Amino acid sequence: PSCCIHVGNISPAGCPVILQVPVINLTGSSLVSNGGVVRLEGPVVLNNNIRLNSGGGNTNFFNTLNSAPNTSYSASLTVGTGNLNFSGDVGSRNPLGNLSIVNAQNVLANGSINVANLQQLAGSGSTNLQGFVSTTDLAGVDINTNGNITTNRIVTGTDSGDAGQVRLNSGG
């Protein structure tokens, strides 16, 4: 349909990846820009677990990021020396499974995040989670960065009432 684009695997050689459509359905398992900027300007729907690697280019989700209906696909994001920005909510309509930020310089999430678990394995700058963060897995939230960590509100727990963990490790 003319309302959306279905995108499989993407791997340009150092060029930017810019998708500007009303709905971006990511059906492939990888999006690699090899140093180019990644700009996803429409709402993004994961139709598969995805590994995104910008190779050091900034990565921007300008709208929402959700899993496909009745699924909980995961996203692994490697940004390296680039910044990672979420302008819209993550998982607000259909929660993601694991949202894993392998590394990024700075991370900014303006909206809410609703996932099974949220982890940032490494960061060289600040991590700023401005919206409500909700996780449903015992792994909860695990943020590791050399800079400052700022959060608004974090709620963790499972359907059976068990509390999830919150680990915030700032080297700055």
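Details of the structure are given in the entry above.
My aim in this report is to walk through the structure given alongside it, one point at a time. All of these numbers come straight from a predicted model, not from anything done at the bench.

**Structural notes on the overall build of the chain**
Inference 1: Broken down by element type, the chain carries zero helices and 18 strands.
Inference 2: When its C-alpha atoms are laid out on the principal axes, the chain stretches across 40 × 35 × 20 Å.
Inference 3: Counting across all 172 residues of the chain, residues that qualify as buried make up 44%.
Inference 4: Of the contacts formed within the chain by residues at least 6 apart in sequence, a portion of 26% connects residues at least 24 apart.
Inference 5: Accessible surface, the chain: about 7,600 Å² in total, of which carbon and sulfur atoms supply 46%.
Inference 6: Positive and negative charge centroids in the chain, built from 5 and 6 side chains respectively, lie 7 Å apart.

**Points about the pairing of strand S15 (residues 127-135)**
Inference 1: When strand S13 (residues 107-109) meets S15, the two strands line up parallel, connected through three bridges. Opposite Leu108, over in S15, you have Asn128 as the bridge partner.
Inference 2: In the sheet, strand S14 (residues 113-120) pairs with S15 via three bridges, with the strands oriented parallel. Bridge assignment links Val115 to a residue of S15, and that residue is Thr135.

Basis of the calculations
- Along each chain, residues carry numbers from 1 onward, in the same order as the chain's sequence is written.
- Whole-chain, interface and lining totals are the exception, using all residues; otherwise, since this is a predicted model, local features are given only for residues with pLDDT of at least 70 and side-chain atom pairs are given and counted only at 80 or more.
- Side-chain metrics in this entry use all non-hydrogen atoms of the structure; hydrogen atoms and water are not considered.
- Only DSSP runs of H or I covering at least 4 residues are called helices, and only runs of E covering at least 2 are called strands; the numbering of each starts at the N terminus.
- In this scheme, a residue with accessible area under 20% of its type's maximum is buried, one over 50% is exposed, and one in between is partly exposed, where area comes from a 1.4 Å probe on protein chains only.
- Here, residues are in contact when the closest pair of their heavy atoms is within 4.5 Å.
- Only the protein chains shown count as cover for residues, with accessible areas throughout obtained via the Shrake-Rupley method and a probe of 1.4 Å.
- The convention is simple: Lys and Arg are positive, Asp and Glu are negative, and His and the chain ends are not counted.
- Where a charge lies is defined by one atom per residue type, namely NZ (Lys), CZ (Arg), CG (Asp) and CD (Glu).
- Here, strands pair whenever DSSP counts at least two bridges between them.

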